[in-house]
Amino acid sequence: MTPFPTLYWICCPVIRGAVAKMEQEGYIRILERRLAKDSDAMDRFLKSHKGYAKERWNGLKAEHQDFVLKSESMTKVLKFTGVAGTDLASFSTKDSTVDMNSKMHIKCLHAHYAHYRSQRENTSGCDYPLNIVGQWIHKLLQERHDDLVL
């Protein structure tokens, strides 16, 4: 058994393609820069990732948690990383700016958008902030693709 860090997926091939195009156009880096300039967004981002990690960990059966705990690397990925395995330690919250030369990386826009959509659809079951990166992606998709049903 090798648990995978991603909980939510985009199933619609049209939306998946639109998000893939955004990745190809450099939107991962664009949104990383936006996060780095906005301390409130960064705070929401980190809280959302921590909530995601908790949700993922709590979704495992006790015997699966015990299995994962035998491996330091699997424990780190499943218990202490955010959306798509994002390393939360790479994001600095000590000051309002983040060194963009650091290893800070949003990773997969698909995973952020799928996470955001799952939160929107299940507001009563989510006790942490909406995924801000997913929310930004949603707004960008609306602006770029008035033909998409989101």
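Residues numbered from 1 in each chain as written. Predicted model: local features only at pLDDT ≥ 70, side-chain atom pairs only at ≥ 80, totals over all residues. Heavy atoms only, no water.

Some details on the overall build of the protein
- Secondary structure summary: the protein contains seven helices and zero strands in total.
- Going residue by residue from the N terminus, the α and β elements of the protein occur as α-α-α-α-α-α-α.
- When each of the 150 residues of the protein is scored for burial, the buried share is 44%.
- Once local pairs closer than 6 in sequence are excluded, the contacts in the protein between residues at least 24 apart make up 70%. (Helix = DSSP H or I, 4+ residues; strand = E, 2+ residues; numbered from the N terminus. Buried < 20%, exposed > 50% of the residue type's maximum accessible area, 1.4 Å probe, protein only. Contact = heavy atoms within 4.5 Å.)

With respect to the nonpolar core
- Grouped together as the largest cluster of nonpolar side chains are 26 residues, with contacts concentrated most on Leu 35, Leu 109, Val 133, Ile 137 and Leu 141.
- Elements supplying a minimum of two residues to this core: α1 (13-24), α2 (27-37), α3 (39-58), α6 (109-121) and α7 (132-144).
- Counting residues per element, this core draws most heavily on α7, at six residues.
- With six residues, the next largest nonpolar core counts Tyr 52, Val 83, Cys 126 and Tyr 128 among its residues. (Core = buried A, V, L, I, M, F, W, Y, C linked by side-chain atoms within 4.5 Å.)

What about the side chain of His 112?
- With respect to the helices and strands, His 112 occurs in helix α6.
- With a relative accessible area of 0%, His 112 lands in the buried category.
- The residues contacting His 112, other than those within four sequence positions of it, are Phe 45, His 49, Val 83, Thr 86, Ile 106, Asn 131, Val 133, Gly 134 and Ile 137.

Section: unusual backbone geometry
- Positive phi values are uncommon outside glycine, yet Lys 107 reaches one of about 80 degrees.
- Mapped onto the secondary structure, Lys 107 falls in the loop between α5 (72-80) and α6.

Looking at α7
- Its 13 residues place the ends of α7 18 Å apart at the C-alpha level, agreeing with the 18 Å of an ideal helix rising 1.5 Å per residue.
- Among all positions in α7, only Ile 132, Val 133, Gly 134, Gln 135, Trp 136, Ile 137, His 138, Leu 140 and Leu 141 are buried.
- Considering only its buried residues, α7 is in contact with α1, α2, α3 and α6.
- The backbone nitrogen of Val 133 has a side-chain oxygen 3.0 Å away, supplied by the residue at the start of α7, namely Asn 131. (Expected span 1.5 Å × (residues − 1). Polar contact = N/O pair within 3.5 Å; in protein donor to acceptor, adjacent residues only side chain to side chain.)

Considerations on the state of the cysteines
- Inspection of the entire model under this criterion finds zero disulfides.
- This cysteine, Cys 11, is not joined by any disulfide, and Cys 12 carries the nearest cysteine sulfur, 8.8 Å off.
- Taking relative accessible area as the criterion, Cys 11 reaches 65% and is therefore assigned exposed. (Disulfide = S-S within 2.5 Å.)

Points about the environment of His 110
- For His 110, the position within the fold is in helix α6.
- Judged by relative accessible area, His 110 falls into the buried class, the value being 17%.
- Each C-alpha atom, one on His 110 and one on Ala 20, is 7.5 Å from the other, the two residues being 90 residues apart in sequence.
- If sequence neighbours within four positions are ignored, His 110 has contacts with Ile 10, Arg 16, Val 19, Ala 20 and Glu 23.

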